[in-house]
Amino acid sequence: MTPSRTLVITGAAGRLGTYLRSSLDDIAARARLIDIVAPLEAAPGEPVEIHQGSVTDPDLLDVVCRGTDAVVHLGGFAGDAPWPDLSEVNVGGTREVLEAARRHGLRRVVVASSNHAVGFHVRACQPLADDVAPLPDSLYGVSKAASEALCQFYSAKFSMDIVCLRIGSCFDAPQNHRMLSTWLSPADFVRLTSASLTTPHPGFRLVWGVSANTRRWWSTAGGEAIGFRPEDNAERFAELYPGSPPEPEYVGGVTI
Ligand SMILES: NC(=O)c1ccc[n+]([C@@H]2O[C@H](COP(=O)([O-])OP(=O)(O)OC[C@H]3O[C@@H](n4cnc5c(N)ncnc54)[C@H](O)[C@@H]3O)[C@@H](O)[C@H]2O)c1
């Protein structure tokens, strides 16, 4: 049954936004899609509204959030960028989205964080808990850790339900050996988003975004606690990446 909620999706023209849009029936009755790059026009009968603009624009966020139930915030730089850009868009934009969600009384906020917010934890300490302390491995990771802190603040101060997803590697298929451990399949991303939108009263929650990979390094506890049941396993792609290259020392895959 299609959920009745009206959803805002930021960064809707990007990879993850496109995955959600193509499975919209699983998570919402209708959606408002916002991106700095114009999302594709609505197909006939597709229950979406298109909004082009920035997550740093509070007036646009007012228009987009009014009368909706929840927001999935994906918009921003999905990798390293000059700090002024990361600071303005990833950190400042997340604050604007949270502030708009608060103003309009949205019942749920789901935010895309990243494994790079905790990327300098050593991989050997596993399974790494969903809520392990921030330890960014890049300025991009710092922007995600700061976004998590903003979510924690808004949840504590304004009693908002906010789920932050520490996403591993969400692509159609793993793209290298490391992703046999860190892959989040598109279908599992939709399942994780659905669980994050529906779990009762999460308060502030940090959850790993990773499929049921045989080689995963990360805990399953946070996902299980919100009802996320991943169904995919990167192992079916293992023959694409044969051999046993040295495993990365840090979970973010960065070397020093
Ligand atoms: N794909 C992954 O493996 C992965 C892993 C960890 C975290 N994430 C996070 O998930 C989110 C989505 O990632 P993705 O892979 O779809 O990246 P993507 O680059 O494909 O999509 C990001 C979208 O955000 C939009 N955007 C950029 N600046 C914006 C602004 N100021 N206002 C509105 N929209 C803006 C871009 O135009 C783009 O369409 C990002 O926050 C990323 O950091 C993704």
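Figured I'd write up the structure that's included with this text. What you see as residue numbers is a count from 1 along each chain, following the sequence as written. Thresholds applied to this predicted model are a pLDDT of at least 70 for local features of residues and 80 or more for the giving and counting of side-chain atom pairs; totals over whole chains, interfaces and linings are not thresholded and use all residues. Note that the side-chain values use all heavy atoms of the structure and ignore hydrogens as well as water.

Side note on the sheet that holds strand E9 (residues 204-209)
We count it as follows: In this description, strands pair whenever DSSP reports at least two bridges between them. For the purposes of this entry, the term helix denotes a DSSP run of H or I that reaches at least four residues, the term strand denotes a run of E that reaches at least two, and both are numbered from the N terminus. What counts as an axis is a line fitted to C-alpha atoms, over the stretch in contact for a helix, and the angles between N-to-C directions run from 0 to 180 degrees.
The parallel open sheet is built from seven strands, whose spatial order is E3-E2-E1-E4-E5-E6-E9. Sheet topology places strand E3 (48-52) and E9 at the edges, where each strand pairs with a single neighbour. Strand after strand, the sheet turns through a mean of 20° between neighbouring axes, direction not considered. Sheet topology places strand E6 (residues 162-167) next to E9; six bridges connect them, and they run parallel. Bridge pairing in E9 places Leu165 opposite Val207.

Focus: the nonpolar core
Put simply, the rule is: To form a nonpolar core, buried Ala, Val, Leu, Ile, Met, Phe, Trp, Tyr and Cys residues must be joined to one another through side-chain atoms within 4.5 Å. Here the term buried applies to any residue with accessible area under 20% of the maximum for its type, exposed to any over 50%, and partly exposed to those in between, with areas from a 1.4 Å probe on protein chains only. Whether two residues are in contact is decided by their heavy atoms, any of which lying within 4.5 Å being enough.
Within the largest apolar cluster, 30 residues are counted, with the highest numbers of intra-cluster contacts made by Leu7, Ile9 and Phe189. Residue assignment for this core shows that the elements contributing at least two residues are strand E1 (6-10), helix H1 (15-22), strand E2 (30-35), strand E4 (70-73), strand E5 (108-114), E6 and helix H6 (186-198). Element by element, the count of residues in this core is highest for H6, at five residues. Leaving out residues up to four positions away in the same chain, Phe189 has contacts with Leu16, Tyr19, Leu20, Leu74, Leu165, Ile167, Cys170 and Leu184. Within the second largest apolar cluster, 24 residues are counted, among which are Val8, Cys65, Leu98 and Tyr154.

So, the pairing of E2
We apply this condition: Seen with its strands pointing away from the viewer, a crossover is right-handed when the path leading from the first strand over the helix to the second is clockwise.
Of all six residues that make up E2, five are buried, and the element is covered over most of its length. Pairing between E1 and E2: five bridges, direction parallel. Bridging from a neighbouring strand, Leu7 pairs with Ala31 of E2. In this fold, the crossover linking E1 to E2 by way of H1 has right-handed handedness. Of the pairings in the sheet, the one linking E2 to E3 comprises five bridges and is parallel in character. Paired with Arg32 across the bridge in E3 is Glu49.

Here we look at the layout of surface pockets
A water-sized probe rolled over the atoms picks out the places where empty space is left. The condition is simple: Put simply, the grid is 1 Å and covers the protein atoms alone, a cavity is a trapped set of points that fit a 1.4 Å probe, a pocket is an open set with protein on both sides within 12 Å along at least five of seven lines, and lining residues have an atom within 4 Å of a point. Grid points are joined across faces, edges and corners, and a volume is the space filled by probe spheres set on the points. Residues are grouped as follows: nonpolar covers Ala, Val, Leu, Ile, Met, Phe, Trp, Tyr, Cys and Pro; charged covers Asp, Glu, Lys and Arg; every other residue, Gly included, is treated as polar.
In this model, the largest pocket occupies a volume close to 600 Å³. Within the residue set of the lining of the largest pocket, elements represented by two or more residues are H1, helix H3 (83-103), E5, helix H4 (139-158) and strand E7 (169-170). Ranked by residue count, the leading element in the lining of the largest pocket is E5, at four residues. By residue class, the composition of the lining of the largest pocket is 11 nonpolar, 15 polar and four charged. Quantified by volume, the second largest pocket comes out at close to 180 Å³. In terms of lining residues, the second largest pocket is bounded by Gly11, Ile34, Asp35, Ile36, Gly53, Ser54, Val55, Gly75, Gly76, Phe77 and Val89. Of the residues contributing to the lining of the second largest pocket, the split by class is five nonpolar, five polar and one charged.

Interpretation note: all reported values are geometric properties and have no functional meaning in isolation.
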